[in-house]
Amino acid sequence: MRCAVFALTILLLATAVASALDYEKKPEIIAYVYGSNCFERGDEKNLMLVIFNTAYNEKIEYADLTEAGFFNGREDMLFTAYDIKVNLEGNDYVKVKTPEQRIPALRPMSPLNLNFLISISDNAKAGEYELKLNIEYYRINDLKNFIPITVENPEQKSYTVIDNTNRTNTTVVVVRHLTKEYELEYIKETETIPVKIYIEEKPVRLAVLSVEEENLIGQSKGRIKITVRNEGDKTARNAYIVLDTPSRIEAKSLSLGSAQSPAGLAVQPVPSLLPGFSPAMVSPETTSLSSAKAAYYIGDLKPGETATATFYLKLNVKEGGTYPLQIKAVYFDEFGEQKESESTTFGINVSDAPKITVKDVESKVYVNAKGEVRVTLVSDKEMSDATVRISANSPLSVLSSEYYIGDIKSGEEFTAVFKLKASSEAKAVTYPAEIRIIFRSLDEYVELDPVRIGVKVNPKMEFEVQGIPSIAAGEEKVVTFFVKNLGDFEVRDATARITIISPFSSTDDSAFIGNLKPGETANATFKLSVDSEATPKLYALNLEVKYKDPEGEWAYSEPAKAIINVTPARPPYALYAVVALIILAAIIYYLRRR
């Protein structure tokens, strides 16, 4: 049971008594579309409707005090719609997928949003379509039974109400009671509200039917041939197909001269270039494109017709995978205004970039000399018309930087040969260099990322000087040394030169050796003089060999030590003999004079 406190105002003036419960502005539900009611063929999306109870408390006539007492403070019950059922009914072209919706109650001034998922047939024509919103609900019609339980005696209070010039005597009776039982009578109401939607002509929309891929390999150039269909209801006039690519993929379109006309379409001369597109987009062979977009002119594309566009792709990626691209149509509509369709996304499959592995590096470069560097490589991809290029920094300098290979087979080794020179400041260590491979990919040449290698610089050619000739102090003599080639290649036109220091002197400090193979020995003969005051001992002179290396370039070896033994000065026996002869002649002369 429910406890209620209410006041009954009894006018002392004579009033007419109503025969039954009656009130104006009863519950009535209206509906309207919230948001867009425009759809396209093939759409499946929500239509939002708002239902609204228009009732409000304008006038209520009660049959007796019992009704007045019951509804006092509960007037909203009379203006509320109960047990509401809402069903949106479609037709042959518009299907409603949302089932009947039910709402327990809808009070006045409380709009309620309802979503209905609708599906538009692909065969629906553009125009206006009417759906039916069927609404069923209940409202209170009468108070059938009401049994109160009085718990207090009524209390009466009298007062006078003055309203401007009117004076009214009013008696207020206050009764407190518990409700034991009541019964309400409801009446069902039904409404059918027309809901209009509009199916618009689809704008131009491209559907990708097929993508033919050719040579899509990382760090190379590939080609795709895209076939599209106009899924819209409008004709794209003077249309371009615009390709948008990720940042590491550059796109170029074929020139109009090499473009093929789509089936049923004649490719017309380009009437005018679209804003934002340069002639390079139509003729990429002469000018480079934007790195992001390329455009292909297809002319007029009617609803349902197909067209084909070919694009070149420069794939500046190493990793393979599926990369997303987008196309759209930029065109003129029937009013001559420029439009563009929504972008359509599709994917291309890119293989990994060729992987180059260095198998061996053989260096015949010596300090302060030219030499040959042989680099053996292997690729995991086939490449055609390939060239290998080497680059290096000081103290190395590249004399021949490119080596033509031709076609490279996957998994087969190939060797590139270069000539490098190490400066005189170079050390006998390994210096870094870079190898790059350039090969033909479709109609242009592309270059792979560099591969680092090490180029070993060998020490200068060394010779060993054998033999220790002797020379006496104060003597001039021809001495001979034996020069041995300690290197790993033959030297040609070699000449040995000895460095003269005190106490030696020479008028011939060079000796021609000729050709000398590794491990061979040759004589080197020099004419030396030693000061008479020279200290007898072993002296070391520097011997250097000038020679032609295998490249035919003159080079100098590291100095080798030539050991020579200086012995004490020999007695002047000839002088002694001359003096003796002079003395003997003097004695003979003296004796004859006597």
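Since this is a predicted model, take the numbers as computed values, not measurements.

F526 and Y547 are the most contacted members of the largest nonpolar core, which totals 35 residues. Residues contacting Y547, with those up to four places away along its chain left out, are M461, F463, F489, V491, R492, D493, A494, E553, W554, A555, Y556 and S557.

For the rest of this paragraph, the subject is the pairing of strand β5 (residues 44-53). Here strand β3 (residues 29-34) pairs with β5 via six bridges, running antiparallel. Note that in β5 the partner of I30 across the bridge is F52. Bridge analysis of β5 against strand β10 (residues 112-120) gives eight bridges, and the strand direction is antiparallel. In the sheet register, K45 faces β10, and the bridge partner there is I118.

A word on the packing of aromatic side chains. Under the defined criterion, the tally for this structure stands at 12 aromatic pairs. With a centroid separation of 5.0 Å and an interplanar angle of 85°, the aromatic rings of F70 and F71 are classed as edge-to-face. Residue class for F70 comes out buried when judged on its relative accessible area of 2%. Here F71 falls in the buried class, since its relative accessible area comes to 0%. Put simply, the rings of Y366, F463, F489 and Y547 pair up and form one aromatic cluster. Here the basic side chain of K26 rests over the ring of Y23, its NZ or CZ set 5.1 Å away from the ring centre. Sitting over the ring of W554, K546 keeps its end group 4.8 Å from the ring centre.

Chain-level statistics for the protein chain give a pLDDT mean of 84 and a share of 83% at 70 or above. Below a pLDDT of 50 lies the segment residues 1-19, which in the model reaches 34 contacts outside its immediate sequence neighbourhood of four places, other chains included. The model gives residues 255-292 a pLDDT under 50, and that stretch makes 70 contacts with residues more than four places away or in other chains.

Rules of the game
Residues numbered from 1 in each chain as written. Predicted model: local features only at pLDDT ≥ 70, side-chain atom pairs only at ≥ 80, totals over all residues. Heavy atoms only, no water. Core = buried A, V, L, I, M, F, W, Y, C linked by side-chain atoms within 4.5 Å. Buried < 20%, exposed > 50% of the residue type's maximum accessible area, 1.4 Å probe, protein only. Contact = heavy atoms within 4.5 Å. Pairing = 2+ DSSP bridges. Helix = DSSP H or I, 4+ residues; strand = E, 2+ residues; numbered from the N terminus. Phe/Tyr/Trp six-rings, centres within 6.5 Å; stacked < 30°, edge-to-face > 60°. Lys NZ or Arg CZ within 6 Å of the ring centre and 35° of its normal. pLDDT = per-residue confidence, 0-100.

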